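Coordinates in review
Listed here are the chains, written in short residue letters.
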Protein chains: 4
Amino acid sequence: MYDEIINEPQWHEECGIFGIWSKTASVTDVCYLGLFALQHRGQESAGIAVTDGMHVDIAKGMGLMTEAFRPRLPGITGHCAVGHVRYSTVGGSVLANVQPFLASFSGGFISLAHNGSLTNAQETRRRLENAGCIFQSSSDSESILNLIAVSQAPTVEEKILSSLEQIEGAYSLVIMTGDRLTGVRDPHAFRPLCLGRLEDGYVLASETCALDAVNATFVRDVLPGEMVVVDRTGVHSYFLQKKARRSSCVFEYIYFARPDSVIDGVSVWQSRYLMGRRLAREYPAAADVVVPVPDTGIAAAIGFSAESGLPFVEGLIKNRYVGRTFILPDQTKRKATVEMKLNPVQANLAGKRVVLIDDSIVRGTTSARLIALLRRAGATEVHMCVSSPPITHPCYYGIDTSIRRELIAAVSTEEEICRKIGTDGLHYLSLQGLLESVGDGMGERMCTSCFRGDYPTDVSECLAEAGI
Amino acid sequence: MYDEIINEPQWHEECGIFGIWSKTASVTDVCYLGLFALQHRGQESAGIAVTDGMHVDIAKGMGLMTEAFRPRLPGITGHCAVGHVRYSTVGGSVLANVQPFLASFSGGFISLAHNGSLTNAQETRRRLENAGCIFQSSSDSESILNLIAVSQAPTVEEKILSSLEQIEGAYSLVIMTGDRLTGVRDPHAFRPLCLGRLEDGYVLASETCALDAVNATFVRDVLPGEMVVVDRTGVHSYFLQKKARRSSCVFEYIYFARPDSVIDGVSVWQSRYLMGRRLAREYPAAADVVVPVPDTGIAAAIGFSAESGLPFVEGLIKNRYVGRTFILPDQTKRKATVEMKLNPVQANLAGKRVVLIDDSIVRGTTSARLIALLRRAGATEVHMCVSSPPITHPCYYGIDTSIRRELIAAVSTEEEICRKIGTDGLHYLSLQGLLESVGDGMGERMCTSCFRGDYPTDVSECLAEAGI
Amino acid sequence: MYDEIINEPQWHEECGIFGIWSKTASVTDVCYLGLFALQHRGQESAGIAVTDGMHVDIAKGMGLMTEAFRPRLPGITGHCAVGHVRYSTVGGSVLANVQPFLASFSGGFISLAHNGSLTNAQETRRRLENAGCIFQSSSDSESILNLIAVSQAPTVEEKILSSLEQIEGAYSLVIMTGDRLTGVRDPHAFRPLCLGRLEDGYVLASETCALDAVNATFVRDVLPGEMVVVDRTGVHSYFLQKKARRSSCVFEYIYFARPDSVIDGVSVWQSRYLMGRRLAREYPAAADVVVPVPDTGIAAAIGFSAESGLPFVEGLIKNRYVGRTFILPDQTKRKATVEMKLNPVQANLAGKRVVLIDDSIVRGTTSARLIALLRRAGATEVHMCVSSPPITHPCYYGIDTSIRRELIAAVSTEEEICRKIGTDGLHYLSLQGLLESVGDGMGERMCTSCFRGDYPTDVSECLAEAGI
Amino acid sequence: MYDEIINEPQWHEECGIFGIWSKTASVTDVCYLGLFALQHRGQESAGIAVTDGMHVDIAKGMGLMTEAFRPRLPGITGHCAVGHVRYSTVGGSVLANVQPFLASFSGGFISLAHNGSLTNAQETRRRLENAGCIFQSSSDSESILNLIAVSQAPTVEEKILSSLEQIEGAYSLVIMTGDRLTGVRDPHAFRPLCLGRLEDGYVLASETCALDAVNATFVRDVLPGEMVVVDRTGVHSYFLQKKARRSSCVFEYIYFARPDSVIDGVSVWQSRYLMGRRLAREYPAAADVVVPVPDTGIAAAIGFSAESGLPFVEGLIKNRYVGRTFILPDQTKRKATVEMKLNPVQANLAGKRVVLIDDSIVRGTTSARLIALLRRAGATEVHMCVSSPPITHPCYYGIDTSIRRELIAAVSTEEEICRKIGTDGLHYLSLQGLLESVGDGMGERMCTSCFRGDYPTDVSECLAEAGI
């Protein structure tokens, strides 16, 4: 759903993280490969820090990994590394915000990569600044470093644990200290993190597709509130004292994660497929073809087709070369953007009643354009089926979403939305349907605050910032 | 099918071409957009030449269009332009080979972009050199410029026509001379070329997807042996005296062209879909799922599924960030390439009998790796269905294919191929099946020389060069 | 004396700094111009931070300013800025060490650029780390930021002053906090810093040539131990309590500073000229011509010529295109480096007895090559006259010099040096002569520790680090 | 005198050329080094072509050599190479104009680099176009390639000779054909070319400083109208039938060439020195100091000082980092340019009567600025002494000069010039004085057409083009 050209505010995952510890091998390249498999989680910057236990080297840059590391990869031969890809930052000194952060403190050096967003970030930062800490970025992740540094706890592990007790919100972390690799998942387990085994070491990654990319064997997902530490003696597990109801982000299944990943035991592809089946049961459209908005809508559309018996066809072809660096010449910018990115297959649309499957609607602008595109290609009817419920509340757990008044579902009735996007029919997957589609009963333990506003942590600071 | 990482010789289309003539508007940006829609036809270099009738400006560069034009686009405000994207060249002075070519001659200036390959290139070049011509590239397209320049014919149109009578092989051309845009297709119509109308002008393009990208209305395909000239007075049509049986390249339908294009009246997507249906009839596999090799295998897999009733699923997910500039760190190069580019969806494969749909097999190396990947993900059987007959002969009409001894089908029996790629079953689409799948009787008028060696022009020069 | 090709350890000034405060104008461009005039003080990286009182923007990069700011200059329209150019850093994460540093703390934001080197850097850093501070660079300048942040003093000015009382060594600083520009020079006044006036504001710069570059009027040099603060109400002066004997770096006059600069009231060009005159009196060579090693030897050679009556000629011509980015092809690297950079003017050398004037000898390798070059061009005798005394001790005040055993004068007698560099005569300027050449009695107040080891601050930490 | 910032039209030498032939060694690197020593002759583009007798590789690019070859140097191991650096080109497709040109023709391949400018370029080009030749650049050098290609002469040497008989104007050429290196100098010997010997081969270069850079021994200058051919059997000499009076460009001595070069037996540095001495005799100024405009004015200023007894001092210091890529921020562009590039040494100017030595005055704008700069620094009188006569006529032999009405000396009296540039006294070196300063009687055989309009070839075509 990353879409820079159409330039509609989209939901952006903040980051992908990867960590590796190996008894014997040089890990920079493997870290690169693993991180590369997570590129879909962040295209605005990338960084890798590597250590051999004695020295640390770090390389960071803006853009896709191929650009960010064009000048250099970390140059040392090390056995432990952490990496990070991230979506965009506003503000000037952007490079300062690129992760992993690397710092020295009384306990040696520490490098940290963070996926998620804290809900008591400002209060934490203010408290630290008053205690004499300086901040060299605008990132809330830097607070975690400072908390660890000022901690009086005797060991690095205890410093980390005691720091995490003071923060709230979403955080999956990979941390490299001295000779150890540490992974943490917050007590709500908002963002994913899994553990894999190499022949002579371990990896931590946001998604299993990164384990596949480095030929690691999946061991298990990190548990809510768990801290795993990898060192020469093996993998050790610790737990935060703070407990919480699990509320993992359901949008990982809807469209963030790669369909080939398995998160907390549930196949992303299968979840999407089941959402599509459920959609078809909830909205038995009288139509001729089922067309996905590629790429995230494909699995749901296959499911819809399987359930409804309507043929699945490709109705919109994506230009694979549209990317970050595509800069449209000025005068044609407005006119041609959708046509540059997605082009209809007339043979599959002309004279057809179409069910269009997309994963979500944020502002509605893109949907309106796509539906118009289908009609110009000859579709006689277009029914829009969305594999998620209406998004009515902003996310404060690591997704860069619109503010509330930009969310079409927060300010419009379904009828108004139908009119605005020009569809003949519109159906959002029911919340019940969504939760039942995420297999193994996991659905029950998902964060649904963007649909219901039932934030599992105190978000008053975030609301205040948004002027609410 | 562009695949740099896996680094197996693939079939590469040589080029995409685009021309535009407008009564009123500045066309550089529109030319850029049109060419961008043809990026899949060539990723190694790009160029655009623009004129306002008085001045000409040209910009060329290596790499994808976003890189090639990063330093600059042509700077003048012109009403006529030609553009070119192309696949790779061997040899040192690569930039010299980037098209369009731009030259001045006794008739003014001429800029030319060529898709295809001449089969009497060497003889033509030798003849011209003996007449005192110099060549500043190793491209056979430069011969056409020289032929036009030495022509004694009175008008530019006649110079072009008389030059084309002297060359043989495949050529779709867009040519810009002074105030005119010219498009030509060789008498066999090997490579595609179509004409579209703008509000105040015309465009010529390799595929209709480029017409869509600039909001042009499709007018018609350029006919075999036809030269169309666009100028202030409209579109004029001329024909070469040389006649030939139409033998258009069938691989445009199999995988070169974008599925949303319509070539010579036939939808590419539909053709692939029908190939899939036909495959299913020819090879009624006892299997559980149909899995495409993305992206070119998708339409055929949908067709196979529709005909066979077996469910269509995504079994291999492509990492969309693998591209030209992806440079794998050295030591991991061999191990991880396939895993970086395609990753299996275990949920759709484990315990399943899989029909894998790909468009062709060249050397067989990629197929072997993909099949192994599916098996590691738990597939119990893999049946490989290929939507084209065995490729046994090299192409001399604009596709950079392997030499004969590298073509697995030229040197191995089907049984040997089965063994080499490790499949439980293998079926190539029959030639008859292929030709019938390309709609509207067009199949009968296709070039099939890569399957049968029945080259429609004299290729003795090409054979000699290959040492045959 | 910057010399990357010949690759001999040279004495490298660590930095140039520039600050600007204007009532009305946007200052980014003026800061760029001022800093550009200080490029000779550091070619490895550059940075500029700008504020409008509300927002801060910073741009940093590696290389010469033209490269470092190629991606961008700070984008905001601000009335206050600080900038920094610096020589090289060892270690991996070099960008993290590029100045200015920018941080937020309890008092708002602070940006700081530092010229010099602290002699209690490690002790200070350890103390801060133990207090819970983190360090994101290996630079000792970051300690100053942390000291200011942890200070309990009520105002920012007092925080800065109290922090500086805790550090020792060389520091000229420009600091930007909120709406104010602050400049500081350590009590020994090791490194230069001067104040200039614009129509509507003030600038601070390492050298007066930067004042000239922005059309600022010289006001005065910042005094030893003085802190000047520029804000809306004018220029305010404060003094550190710590007092010290002035010991400004004499090498600014010998070769660091630009000859058109005036430092602490003394013209750099005139000082060099007088060193040359004194050299001629101390070593009345029987010779035919005086030849400078360009560019730093020129003024001294003119002085030598004036005093001795021997004609001044150009005997070595510098290739002005040899620079940072010049990468010599491998196999020729050893052979041709000196010839690439300096080429003899045979007409001025053949058959002549030559006095060669250079500013210093560090390891002697370059001198040996130059003398051989002169001889090959026909010089019958070469007498080497050096406008500084023998360097026998490392500098710990901001110059990146060789360790002691690499200093030829520390380990060899003059006779041995003569033999090693192949000269017919060698004369170092006497220390007395040097100090008398730096006009206005300033010579008496210079740091001479590199000649005598009489370090004006406690350097035991530095000696320990060097294993002494 | 290259001056992009001040942006006054200057006299620009078109090119530097270099050729190398070696029995044994790989020559790419040596060619790079040789060409690098000629960088002052052209900073806008560079190219090198290399052959091993079988294959040719060429690399070209825009900008200084370090930029132009950043992507790549020719990749093959060859024993023969030609290289070219050149000043600017107008027009869009600039890369097409970058030399060396490389082409194949009936005689094999040919690569050519040209210094100079033809005076019958248009007529030659028109003639060739009418014969059917195409031109892919706007360079007159491409005509030479075409002439060679259409020549009916039996050998390559004779083809070249017969082609050169048809062109007029200035040309020093290095040509690489098959296994041979050829060097040519036109019958007037307008532009320099010299021959040097390596241990196992030969080099050709525009100036001897390039011989020095590759440790080649000077053999001799190529003679007027001579063609030297280097091959396996040694050096062979041929002569054009066309004879002419030698009229070598005197501006090579005034400022084009590097002062360490020796051209046609005459030291450039010595010539400038003698011009300075002569200037002092012609204009015995009552002054206190002699100040050169660096770098070209230095030798003349030393000469002036020696003759007049007035002390030579540095009064203007050049910022060595001002270069091609220096882009001044917009608003400060006008104000600060001269101050960025040259800064006065106040100590040498305040209260002094100054003789300022420059090599030439083109439009007078720079002179006016420099003189104002000196006065602001306290100079009480400024006398401008120019080491060349007034330039009153454009050059058509390879220097990109102003058109006539921009030449201040063509349209103003000396008195008017004095007033315009604000000097207290102005003296141009007399033509007689100039010619006598270029040693060995060579002065008599110089081209003086820019002073007198006595063009040694027919320039009616050039005059027509300029609308005269």
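Residues numbered from 1 in each chain as written. Chains lettered and ligands numbered in written order. Predicted model: local features only at pLDDT ≥ 70, side-chain atom pairs only at ≥ 80, totals over all residues. Heavy atoms only, no water.

1. Side note on the overall build of chain A
Helix and strand counts for chain A stand at 17 helices and 25 strands. Taking 2.2 N^0.38 as the reference for a compact globule, 468 residues should give roughly 23 Å; the C-alpha atoms of chain A span a radius of gyration of 23 Å, in line with that estimate. Its C-alpha atoms put chain A at 70 × 45 × 40 Å along the principal axes. By the burial criterion, 66% of the 468 residues in chain A qualify as buried. Within the structure as shown, chain A displays about 15200 Å² of accessible surface, and the carbon and sulfur contribution to it stands at 50%. Side chains of chain A give 44 positive and 53 negative charges; the mean places of these two sets differ by 2 Å. (Helix = DSSP H or I, 4+ residues; strand = E, 2+ residues; numbered from the N terminus. Rg over C-alpha atoms; globule rule 2.2 N^0.38 Å. Buried < 20%, exposed > 50% of the residue type's maximum accessible area, 1.4 Å probe, protein only. Areas by Shrake-Rupley, 256 points an atom, 1.4 Å probe, with all protein chains shown as cover. Lys, Arg positive; Asp, Glu negative; His and termini not counted. Charge placed at Lys NZ, Arg CZ, Asp CG, Glu CD.)

2. Looking at the domain arrangement of chain A
Structurally, chain A comprises domain 1 (7–244) and domain 2 (266–465). The straight-line distance from the C-alpha centre of domain 1 of chain A to that of domain 2 of chain A is 31 Å. (Domains from an automatic or database assignment.)

3. Here we look at the relation of the copies chain D and chain B
Mapping chain D onto chain B leaves a residual RMSD of 0.0 Å; the transformation is a rotation of 179 degrees accompanied by 0.0 Å of translation along its axis. Between the two chains, the operation in question is that of a two-fold axis. Nearest to the rotation axis, the C-alpha of Cys133(D) is located 3.2 Å from it, this being the minimum over chain D. (Least-squares fit on C-alpha atoms with pLDDT ≥ 70 in both.)

4. Quick look at unusual backbone geometry
Across the chain, the bulk of peptide bonds are trans and the bulk of non-glycine residues have phi less than zero. Cis geometry is adopted by the peptide bond preceding Asp295(A), which originates at Pro294(A) and carries an omega value of 0 degrees. Positionally, Asp295(A) belongs in the loop between β18 (289–292) and α10 (298–308). A positive phi angle, close to 55 degrees, is found at Ala189(A), a residue other than glycine. Assignment of secondary structure puts Ala189(A) in the loop between β9 (180–185) and β10 (194–198). By relative accessible area, which is 0% here, Ala189(A) ends up buried. Here the phi dihedral of Asp264(D) falls at roughly 50 degrees; this positive angle occurs in a residue that is not glycine. Under the relative-accessibility criterion, Asp264(D) is labelled buried at 12%.

5. Considering the sheet that holds strand β6 (residues 101–105) of chain B
All names here are of chain B. If you walk across this open sheet you meet the 6 strands as β6-β7-β8-β9-β13-β14, and the pairing is antiparallel. Edge positions in the open sheet fall to β6 and β14 (234–239), since each of these has one partner strand only. Going across the sheet, the axis of each strand differs from the next one's by a mean of 20 degrees, ignoring polarity. The sheet contact formed by strand β13 (residues 226–231) and β14 spans 6 bridges and is antiparallel. Note that in β14 the partner of Asp-231 across the bridge is Gly-234. Contacting β6, β8 (172–177), β9 (180–185), β13 and β14, helix α6 (residues 156–164) runs over the sheet at an angle of about 160 degrees to β13. (Pairing = 2+ DSSP bridges. Axes fitted to C-alpha atoms, helices over the stretch in contact; angles between N-to-C directions. Contact = heavy atoms within 4.5 Å.)

6. A look at the sheet that holds strand β24 (residues 425–428) of chain C
Residues and elements named next belong to chain C. Pairing within the open sheet is parallel, and its 4 strands lie in the order β18-β21-β22-β24. Of all the strands in the sheet, the pair left with one neighbour each is β18 (289–292) and β24. Neighbour-to-neighbour, the strand axes of the sheet open up by a mean angle of 20 degrees, direction not taken into account. Pairing of strand β22 (residues 381–386) with β24, which is carried by 4 bridges, proceeds in the parallel orientation. Looking at β24, one finds that Met-384 is bridged to Leu-426. The sheet strands contacting helix α12 (residues 365–376) are β21 (353–358) and β22, and the helix crosses β22 at an angle near 145 degrees. Running over the sheet, helix α14 (residues 414–421) touches β22 and β24 and is turned about 125 degrees from β24.

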